[in-house]
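# Understanding the architecture of this molecule
Listed here are the chains, written in short residue letters.
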Amino acid sequence: MKRVLISVSDKTGIVDFSKKLVENGYEIVSTGGTATALKDAGLPVIGISEVTGFPECLDGRVKTLHPAIHAGLLAMRDNKEHMEQIEKLNIKPIDMVVVNLYPFKQTVLKEGVTREEAIENIDIGGPTMLRAAAKNWQDVAVVTNPADYDGIIAEIVETGDISKKTKFELSAKVFAHTAHYDSLIASYMAKQAGFDLFTETMSLTYEKVQDMRYGENPHQRAAFYKEIGAVKGSLAAAKQLHGKELSFNNINDANGALELLKEYEEPTVVACKHANPCGVGSADTIHEAYLKAYNSDPVSVFGGIIVANREVDEATATEINKIFVEIVVAPSFTEKAIEVLSAKANIRLLELPSIMEKQPADALDIKKVAGGILVQEVDRPLLGEELKVVTKRKPTEKEMEDMLFAWKMVKFTKSNGIAIGKDKQSVGIGPGQVNRIWACKQAIEHGTDHLGADFVKGAALASDAFFPFPDCVEECAKAGITAIIQPGGSIKDQASIDACDAAGITMVFTGMRHFRH
């Protein structure tokens, strides 16, 4: 008779699975709560202490850590010496292990969990059994996921055994499972110990949310994974109310829009295209804010993403419905707004009540490069230690408001980036150019085309990095822009300052750069 050792924290489907194993000639060895659950279901169960000849001790910390268990798992059936040794020691081989681990993740995600409680939920015996069984995969089937139960039973019923192919696949799943588990523990313990973010080795672990239809392009496979305990204000926490599944590009683009939106406290709408803002508006109501964002660039917003930091009402939904957009994200939608927007089958509606929650201070920004990853802190601060007026003319209160509005936009615009703002509205945005003057000209041109040359006059311009030459200032002067905000720090800063003074433009240095690649 074959022997299976069962010890599970997640008891989903375990009684059914165990009954079918018994029906197919397996005897069950089990521990603690699992043994009780199986006995209560009327199944014959051998207690772990009956196998080890040793009682469970230390509040259950030591149950399976015994040669009678691990020799039964690790003995290679085609190794004559191994089999002779376990027979001499009166140890019976174990043919299957069904184990899932103490709920460490669920424990640390609980509000107010103590360190002691978390540590008590670090499984020792479980991973040890899993790794032993997985190492001896040719002879031992090892199961961690209830989703595999049905397939295993079907194979046993059909062939009388589990194939080596299946055993190897199950073994591979185990090492992925224990690596994920250990990474969670390592991450938690590092934070508790106060280690530096950039440790000598880095183990990252994520959980799959969904497979994507494709990646950036149709020929690329893709999937979306989320962090454990992901920020509530992230797309991983959003509830989809309508529309087909999100695409790779949807998620990437909406993420950038959300991060920009979090910079604005008053009712604000951000329109985004290809991970760059194309329209931003703030106002007393979300409806007015949407009209500002839309009118900033009614061409680029087509097929884009709309994010709002207030409830979307019927009036706003009606305006949005006049064009094609991929996604609308908001903290909530009125019933009428959902009714209006849902009339279009292809629009996705995402509800994110915690839309303004920012990433924690210890969050990391990770970029994959060939052969490795680049890791940095998230770009959290908006400004340097102080704003410094470097021109003869100081900004008016209105100009300072416009500059800060534009500065928030440019922080989330791909470099080289330029953003122009006025009256709490984006005027023009020039993203991702290899030459800063091109981005400057593009932003001015967009503002002139969509809002008119008169609206560009008196606006404020923000640059994500310093001006190496005075050419951007000269373009601003031609367009009638009266205020510039930029980091400063070029060896040729004075040339730009002199150009501002000559044109009567006020310029402020932030002392902080916001490259975004």
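As the structure is a prediction and not an experimental result, all values here were calculated from the model.

A tally of helices and strands in the protein yields 19 helices and 21 strands. The C-alpha radius of gyration computed for the protein amounts to 30 Å, which surpasses the reference 24 Å derived for 517 residues by more than 25%, pointing to a less compact arrangement than a globule. Judged by the C-alpha coordinates and their principal axes, the protein covers about 95 × 50 × 45 Å. The long-range share in the protein, meaning contacts at least 24 apart out of those at least 6 apart in sequence, stands at 57%. Of the roughly 25200 Å² that the protein leaves accessible, carbon and sulfur atoms contribute 52%. Averaged over its 58 positive side-chain charges, the protein has a centre that lies 2 Å from the centre of its 71 negative ones.

With that settled, consider helix α10 (residues 164-193). For α10, spanning 30 residues, the distance from its first C-alpha to its last is 43 Å, which sits close to the expected 44 Å at 1.5 Å a residue. Every buried residue of α10 is listed here: Thr-166, Lys-167, Leu-170, Ser-171, Val-174, Thr-178, His-180, Tyr-181, Ser-183, Leu-184, Ile-185 and Tyr-188. Residues of α10 that are buried make contact with α6 (104-108), α7 (115-120), α8 (125-135), β5 (141-143), α9 (149-159) and β6 (206-211). Immediately beyond the C-terminal end of α10, within one or two residues, lies Gly-194, with a positive phi of roughly 75°.

Core analysis: the largest hydrophobic core is formed by 37 residues, its most contacted members being Leu-258, Val-270, Val-280, Val-307, Val-329 and Met-409. Secondary-structure elements contributing two or more residues to this core are α11 (248-261), β9 (268-273), β11 (305-308), β12 (327-330), α15 (397-411), β19 (460-463) and β20 (483-486). Beyond its immediate sequence surroundings of up to four residues, Val-307 is in contact with Ala-257, Leu-258, Leu-261, Thr-268, Val-269, Val-270 and Val-329.

The next thing to look at is the environment of Leu-73. Relative to the assigned elements, Leu-73 resides in helix α4 (residues 67-74). Along the backbone, Leu-73 and Ser-7 are 66 residues apart, and their C-alpha atoms lie at a distance of 14 Å. In this view, Leu-73 contacts Ile-94, Val-97, Met-129, Ala-132, Ala-133, Asn-136 and Val-140; residues no more than four positions away in its chain are not counted.

Turning our eyes to something else, we now look at the side chain of Lys-262. Along the polypeptide, Lys-262 turns up in the loop between α11 and β9. Buried within the structure, Lys-262 lacks any salt-bridge partner; Glu-259 is the closest side chain of opposite charge, at an N-O distance of 4.5 Å. A distance of 2.5 Å separates the side chain of Lys-262 from the backbone oxygen of Ile-355, its partner in a polar contact. A polar contact of 3.0 Å, which involves the side chain of Lys-262, links it to the backbone oxygen of Glu-357.

Once rolled over the atoms, a probe with the size of a water molecule shows which space is left empty. Quantified by volume, the second largest pocket comes out at close to 580 Å³. In terms of lining residues, the second largest pocket is bounded by 21 residues, among which Lys-105, Thr-144, His-177, His-180 and Glu-207 are the most central. Of all the elements in the fold, those that place two or more residues in the lining of the second largest pocket are α6, α10 and β6. At six residues, α10 tops the list of elements feeding residues into the lining of the second largest pocket. Each residue belonging to the lining of the second largest pocket can be placed in one class, and the counts come to nine nonpolar, seven polar and five charged.

This part covers the environment of Phe-509. By the element assignment, Phe-509 lies in strand β21 (residues 506-509). Put simply, Phe-509 and Leu-383 are 126 residues apart on the chain and 9.5 Å apart in space, counted from C-alpha to C-alpha. Aside from chain neighbours lying at most four places away, what touches Phe-509 is Glu-386, Leu-387, Lys-388, Val-390, Gln-486, Pro-487, Gly-488, Asp-493 and Ile-497.

All right, on to the pattern of salt bridges then. All told, the structure shown has 21 salt bridges when counted by the stated rule. Put simply, Lys-92 and Glu-27 hold a salt bridge, and the shortest N to O gap is 2.6 Å. Separated by 65 residues along the polypeptide, Lys-92 in the loop between α5 (80-88) and β4 (96-100) and Glu-27 in strand β2 (residues 26-30) bring together distant segments of the chain. With a relative accessible area of 31%, Lys-92 lands in the partly exposed category. Accessibility expressed as a relative area gives 16% for Glu-27, which makes it buried. Between Arg-348 and Glu-326 there is a salt bridge, with its nearest N and O atoms 2.5 Å apart. Residue Arg-348 is found in strand β13 (residues 348-351), and its partner Glu-326 is found in the loop between α13 (314-320) and β12; the two are separated by 22 residues along the sequence. Judged by its relative accessible area of 1%, Arg-348 falls in the buried class.

Here is what the cut-offs are and how they apply
- Throughout this description, residue numbers start from 1 for each chain and increase along the sequence as written.
- Local features in a predicted model are, by the rule used here, given only for residues with pLDDT of at least 70; side-chain atom pairs are given and counted only at 80 or more, and totals for whole chains, interfaces and linings are based on all residues.
- Excluding hydrogens and water, the side-chain values take into account all heavy atoms of the structure.
- Helix and strand assignments come from DSSP, with helices taken as H or I runs of at least 4 residues and strands as E runs of at least 2, each series counted from the N terminus.
- With the radius of gyration taken over C-alpha atoms, the globule rule is written as 2.2 Å times the number of residues to the power 0.38.
- Whether two residues are in contact is decided by their heavy atoms: any pair within 4.5 Å suffices.
- Each accessible area value is a Shrake-Rupley result obtained with a 1.4 Å probe; residue values ignore everything except the protein chains displayed when judging cover.
- We count Lys and Arg on the positive side and Asp and Glu on the negative side, and we leave His and both chain ends out.
- For this purpose, a charge sits on NZ of Lys, CZ of Arg, CG of Asp or CD of Glu.
- Multiply 1.5 Å by the residue count of a helix minus one, and that product is the helix's expected span.
- When a residue's accessible area, from a 1.4 Å probe over protein chains only, is under 20% of the maximum for its type it is buried; when over 50% it is exposed; and in between it is partly exposed.
- For the purposes of this section, nonpolar cores are sets of buried Ala, Val, Leu, Ile, Met, Phe, Trp, Tyr and Cys residues that join through side-chain atoms within 4.5 Å.
- We define a salt bridge as a side-chain nitrogen of Lys or Arg found within 4 Å of a carboxyl oxygen belonging to Asp or Glu.
- For this analysis, a polar contact is any N or O atom pair within 3.5 Å, provided that within protein one partner can donate a hydrogen and the other can accept it, and provided that sequence-adjacent residues contribute only side-chain to side-chain pairs.
- Grid points spaced at 1 Å and placed over the protein atoms alone form the basis of the search, with a cavity being a set where a 1.4 Å probe fits but cannot get out and a pocket an open set showing protein on both sides within 12 Å along at least five of seven lines. Lining residues have an atom within 4 Å of a point.
- Grid points are joined across faces, edges and corners, and a volume is the space filled by probe spheres set on the points.
- Only Asp, Glu, Lys and Arg are considered charged, only Ala, Val, Leu, Ile, Met, Phe, Trp, Tyr, Cys and Pro nonpolar, and every remaining residue, Gly among them, polar.

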